[in-house]
Amino acid sequence: VIVWAQQTTKPYKGFRKGRWWSMDQKDVGRLRQHVPGLDIVAPILFSPWGKTNTAYYGEQTTTPNMQGVTPDYAKVIEPRMYYGRYINDMDMREQRKVCVLGKKVYKDLFKDGGDPCGKKIRVDSTYYEVIGVDYNTNTSMNFNGRAEEKVTVPLTLMQQTYNRGNEIDLITATGRKGVVMSHIAPRIRETIARAHYVDPTDEQGAMVF
């Protein structure tokens, strides 16, 4: 399932409908604690809405979509690593300035091909060391643009770079064996909604898809 925050469509506990709200890092723990049917819970953070990112390597440029993830996200989307590796726990803890390139970003920046791992690219004003190239083109998991057009960095680094604090934009989750996700979707919505004073029955305000 995918969970994200939308403008509320119902009033709740003194709050009028039409309120904008956002999820945070604590919601990952809330889901793990209160929805036992879940297996993997992986948050994602995107660059600010409407912002165009520009990536540079030498004289080559491209306009990727930036996303910050945790290592668990690889268990949801199953990247196809053409070179290198994916984001790991050490990258997260140390807020390493490392990145994984989507297929199109790699081909745009490294016209001559070859292994780009260890080389540095610049996205806007920040330099990142390339640690991997992901050839995944899964069209069923395209959040905020296609996978091949993305530069992926550690979630903690993304939060720091864009001054987002503990905010997250999206939560992806998988169920344990035998769990029917549609059966636990209301519990997922309720867990997140109540924590942010959103009506648990507001299916448009707290989206679970």
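### Overview of helix H1 (residues 26–34)
At step 1: Of the positions making up H1, those classed as buried are Asp27, Val28 and Leu31. Down the axis of H1, the sector holding all buried residues measures 110°, keeping them to one side. Turned more than 90 degrees away from the buried face of H1 sit Lys26 and Gln33, all of them exposed.
At step 2: As for H1, its buried residues are in contact with strand E2 (23–24), strand E3 (38–46), strand E12 (167–168), strand E13 (170–175) and helix H6 (181–195).

### Brief notes about the side chain of Asn53
At step 1: Here Asn53 lies in the loop between E3 and strand E4 (55–57).
At step 2: The exposure class assigned to Asn53 is buried, which follows from its relative accessible area of 2%.
At step 3: One polar contact links Asn53 to Ser47, side chain to side chain, over a distance of 3.0 Å.
At step 4: At a separation of 3.2 Å, a polar atom in the side chain of Asn53 contacts the side chain of Tyr162.

### Things to note about the nonpolar core
At step 1: With 42 residues, the main nonpolar core has Leu38, Leu101, Ile121 and Ile171 as its most contacted residues.
At step 2: Ranked by residue count, the leading element in this core is H6, at six residues.
At step 3: When near neighbours in sequence (up to four residues on either side) are disregarded, Ile121 contacts Tyr56, Tyr57, Cys99, Leu101, Leu109, Phe110, Thr126, Tyr127, Tyr128 and Val130.
At step 4: With 16 residues, the next largest nonpolar core counts Ile2, Val69, Val98 and Val100 among its residues.

### Notes on the packing of aromatic side chains
At step 1: Within this structure, the stated rule accounts for six aromatic pairs.
At step 2: Judged by centre distance (4.1 Å) and plane angle (5°), the rings of Tyr82 and Tyr135 are stacked. Separated by 53 residues along the polypeptide, Tyr82 in strand E7 (residues 81–84) and Tyr135 in the loop between strand E10 (126–134) and strand E11 (150–154) bring together distant segments of the chain.
At step 3: Judged by relative accessible area, which is 10%, Tyr135 ranks as buried.
At step 4: The ring of Phe15 has Arg19 sitting right over it, with the charged end atom 4.3 Å from the ring centre.

Thresholds applied
- Residues numbered from 1 in each chain as written.
- Predicted model: local features only at pLDDT ≥ 70, side-chain atom pairs only at ≥ 80, totals over all residues.
- Heavy atoms only, no water.
- Buried < 20%, exposed > 50% of the residue type's maximum accessible area, 1.4 Å probe, protein only.
- Helix = DSSP H or I, 4+ residues; strand = E, 2+ residues; numbered from the N terminus.
- Arc of directions from axis to C-beta.
- Contact = heavy atoms within 4.5 Å.
- Polar contact = N/O pair within 3.5 Å; in protein donor to acceptor, adjacent residues only side chain to side chain.
- Core = buried A, V, L, I, M, F, W, Y, C linked by side-chain atoms within 4.5 Å.
- Phe/Tyr/Trp six-rings, centres within 6.5 Å; stacked < 30°, edge-to-face > 60°.
- Lys NZ or Arg CZ within 6 Å of the ring centre and 35° of its normal.

Note that every value here comes from positions in space, so none of it alone points to a role or purpose.
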